[in-house]
Amino acid sequence: LFPMFLSKFEELFAPKTPGSEDSSLVLKFPYLLERIVVTIMRACIHLYDIVELRIHLQKSLKLIEDLPSSFTRTIGDRLGCGLAIVLRGCFYLFETSDEWSTIKTLLDIAAQDKSGRGFVF
């Protein structure tokens, strides 16, 4: 089921053509995007131990990296909290430097706003 959600997430996150009316999903639907990010975090918390899903979860986390900082600052607390839980429960499952790099980048993003710093530090 999660791979189907991932394809929809990728579709929503995909950059639109410059100048089009749909050029910024973030500005048009910030609540929807926030719910997608929270869903990705919850899926990682509960499903990261399933080897077959890890590649899909990694792709999902990488989508968050590309969101505008103006948006990620508003969800820093949710992102930081989710990452803290993922690290606490799944750190031993990170096998590649790419996995650790993704987590580090997302922690850096979460720490950009005061609300996320408490979870990161």
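Calculation criteria
Residues numbered from 1 in each chain as written. Predicted model: local features only at pLDDT ≥ 70, side-chain atom pairs only at ≥ 80, totals over all residues. Heavy atoms only, no water. Salt bridge = Lys/Arg side-chain N within 4 Å of Asp/Glu carboxyl O. Helix = DSSP H or I, 4+ residues; strand = E, 2+ residues; numbered from the N terminus. pLDDT = per-residue confidence, 0-100. Patch = residues over 30% accessible without salt bridge, like charges linked within 9 Å, V, L, I, M, F, W, Y side chains within 5 Å. Areas by Shrake-Rupley, 256 points an atom, 1.4 Å probe, with all protein chains shown as cover. Buried < 20%, exposed > 50% of the residue type's maximum accessible area, 1.4 Å probe, protein only. Core = buried A, V, L, I, M, F, W, Y, C linked by side-chain atoms within 4.5 Å. Contact = heavy atoms within 4.5 Å.

Peer 1: How do you make sense of the pattern of salt bridges when you look at a structure like this?
Peer 2: Opposite charge on two side chains permits pairing when their charged atoms draw close. Enumeration according to the criterion identifies six salt bridges in this entry. Residue Lys-62 is joined to Asp-98 by a salt bridge in which the shortest nitrogen-to-oxygen separation is 3.3 Å. Pair noted here: Lys-62 is in helix H4 (residues 51–65) and Asp-98 is in helix H7 (residues 97–110), with a separation of 36 residues, a long-range link. One salt bridge connects Asp-108 with Lys-104, and the closest N-O pair in it is separated by 2.7 Å. Here Asp-108 pairs with Lys-104, and both are found in helix H7, just four residues apart, close to one helical turn. In the salt-bridge network here, residues are joined through shared partners; they are Glu-34, Arg-35, Asp-77 and Arg-78.

Peer 1: What's the story with the confidence of the model for the protein in this structure? I'm lost.
Peer 2: On average, residues of the protein score 85 in pLDDT, and 88% of them are at 70 or above. Helix H2 (residues 25–28) is the least confidently modelled element of the protein, averaging 61 in pLDDT, while H7 averages 94, the highest of any element.

Peer 1: Looking at this structure, I do not really get a nonpolar patch on the surface. What am I missing?
Peer 2: A cluster of nonpolar side chains, contributed by Leu-1, Met-4 and Phe-5, occupies part of the molecular surface with about 370 Å² of accessible area. Topologically, Leu-1 is positioned in the segment before helix H1 (2–13). Residue classification places Leu-1 among the exposed residues on the basis of a relative accessible area of 71%.

Peer 1: Would you mind showing me how to read the nonpolar core here?
Peer 2: It is characteristic of soluble globular proteins that their nonpolar side chains tend to be buried jointly. Counting residues in hydrophobic clusters, the biggest one holds 31 residues, and the most contacted among them are Val-37, Met-41, Leu-61, Ile-64 and Leu-79. Going through the elements one at a time, H1, helix H3 (30–47), H4, helix H6 (76–90) and H7 are the ones with two or more residues in this core. Per element, the largest residue contribution to this core is seven residues, and it comes from H3. When neighbours within four sequence positions are excluded, Leu-79 is seen to be in contact with Val-37, Met-41, Ile-64, Leu-106, Ile-109 and Ala-110.

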